[in-house]
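Residues per chain, in single letters:
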Amino acid sequence: MAHSFERIVILTGAGLSAESGLSTFRDKDGIWSKVRIEDVATPEAFMRDPQGVLDFYNGRRNNSGGVEPNAAHAALARLEAGHPGEVLTVTQNIDPLHERAGTTNLIHMHGEIVKALCNHCGGREPYDRDLSADDVCRQCGNRGGLRPDVVWFGEMPYQMERIYAALSRCDLFISIGTSGNVYPAAGFVAEARGAGARTVELNLEPSEGISHFDEAIHGKATEIVPVYVEKLLNGG
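Source: prediction; values computed, not measured. (Residues numbered from 1 in each chain as written. Predicted model: local features only at pLDDT ≥ 70, side-chain atom pairs only at ≥ 80, totals over all residues. Heavy atoms only, no water.)

### So, the sheet that holds strand β5 (residues 124-126)
Which entries qualify depends on this criterion: Between any two strands, at least two bridges found by DSSP are needed for them to pair. Starting at the N terminus, helices and strands are each numbered in turn, a helix being any DSSP run of H or I of at least four residues and a strand any DSSP run of E of at least two. Comment: axis = line fitted to C-alpha atoms, over the contacting stretch for helices; angle = value between 0 and 180 degrees taken between N-to-C directions.
Strand order across the open sheet formed by three strands is β5-β4-β6, with antiparallel pairing between neighbours. Strands with a single pairing partner mark the edges of an open sheet, and in this sheet they are β5 and β6 (146-150). Pairwise comparison of adjacent strand axes, ignoring direction, gives a mean angle of 45 degrees for this sheet. Relative to β6, strand β4 (residues 111-118) runs antiparallel, the two sharing five bridges. In the sheet register, Leu117 faces β6, and the bridge partner there is Arg147.

Shown next, in the form of structure tokens:
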């Protein structure tokens, strides 16, 4: 199997990082059950209450600080390193766990919690401190425009052209730890299928898009992802 797939695209969601201790969004106890999206995750919210929005993300950044990649992150890094073809990981997660596990060919389609974006100049910079509405951008010198470099509701996810190009060329698409109800990512499996790719879901439970997958394996990511990766690498 390892040699029969030349171009693999992997989509990962919150379920992958949940076993490292990071909260998911749409579960009954997830983040969106505790705060309103409209209050913290839209450009309008930032205009209305910049410090309130920054405080929410400061808390999330601080929560991710001591969190370690889990066995599923490590397995995906192993797949990238050991597969003779191309492996692209597209993550909806804003945490740095893929990188810390060793994945390098990676797209953060929803941005990164450890970076800041300036609303004034569009500049980005690594940022591991708490953001304040008084912060000055080091690139343009303007005050008050720094925000987390994350994609809010109503904004376009990053690198979509590159993602769709990869989906149109891939021969294996693997979806891991994602609910299948957030677009555009929920539509990726249909794109891959349309290109003739084999489609596989590795998830805790069946996603909303389960009917689009050729194969589905359900269970904890830390248990099922390493097993599936070893199977791929061993050609089984």
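Next comes the rest of the account.
### Quick look at the packing of helix α5 (residues 71-82) against helix α9 (residues 221-233)
This is how the line gets drawn: To sort the angles, those under 35 degrees are grouped as roughly parallel, those over 145 as roughly antiparallel, those from 65 to 115 as roughly perpendicular, and the leftovers as oblique. Take the far helix as the reference: if the near one is turned anticlockwise from it by less than a right angle, the crossing is left-handed, and if turned clockwise, right-handed. Throughout, a contact is declared for two residues whenever any of their heavy atoms are within 4.5 Å. Residues are sorted three ways: Asp, Glu, Lys and Arg are charged, Ala, Val, Leu, Ile, Met, Phe, Trp, Tyr, Cys and Pro are nonpolar, and all the rest, Gly among them, are polar.
Two numbers describe how α5 lies on α9: the axes approach to 8 Å, and their chain directions differ by 15 degrees. In this view, α5 runs roughly parallel relative to α9, as classed from their interaxial angle. Our pair here, α5 against α9, has a crossing hand that is left-handed. Seen from α5, the contacting residues are Ala71, Ala72, Ala75, Leu76, Arg78, Leu79 and Gly82; seen from α9, they are Ala221, Thr222, Val225, Pro226, Val229, Glu230, Leu232 and Leu233. Here the residues of the contact of α5 with α9 are counted per class, giving eleven nonpolar, two polar and two charged.

### Some thoughts on the state of the cysteines
Note on terminology: disulfide describes a covalent bond linking the sulfur atoms of two cysteines. Quick note on the threshold: The disulfide criterion used throughout: a pair of cysteine sulfur atoms within 2.5 Å. For every residue, the accessible area obtained with a 1.4 Å probe (protein chains only) is divided by the maximum for its type, and the residue is called buried under 20%, exposed over 50%, and partly exposed between those limits.
Under the defined criterion, the tally for this structure stands at zero disulfides. The cysteine Cys118 is free of any disulfide, with Cys137 supplying the nearest cysteine sulfur at 3.8 Å. Distance from the sulfur of Cys140, which forms no disulfide, to the nearest cysteine sulfur (Cys118) is 3.8 Å. Classification of Cys140 by relative accessible area gives partly exposed; the value is 30%.

### Overview of unusual backbone geometry
The residue after Tyr183, namely Pro184, is reached through a cis peptide bond having omega 10 degrees. Residue position: Pro184 is located in the loop between β7 (172-176) and α8 (188-194). The phi dihedral of Gln159 is positive, around 55 degrees, even though this residue is not glycine.

### Remarks on the pairing of β4
Burial within β4 is extensive, with six of its eight residues counted as buried. As defined by bridge partners, β4 adjoins β5 across three bridges and the pair is classed as antiparallel. The residue of β5 that forms the bridge with Leu117 is Arg124. Between β4 and the antiparallel strand that follows it, β5, lie five residues; Gly122 among them carries a positive phi value of about 80 degrees.

### Some remarks on the nonpolar core
In plain terms, the rule: We define a nonpolar core as any set of buried Ala, Val, Leu, Ile, Met, Phe, Trp, Tyr and Cys residues linked to one another through side-chain atoms lying within 4.5 Å.
Within the largest apolar cluster, 20 residues are counted, with the highest numbers of intra-cluster contacts made by Ile174 and Val225. Looking at this core, the element that brings in the most residues is α9, giving six residues. Ignoring anything within four residues of it in the chain, the contact list for Ile174 reads Ile8, Val9, Ile10, Leu11, Val200, Leu202, Tyr228 and Leu232.

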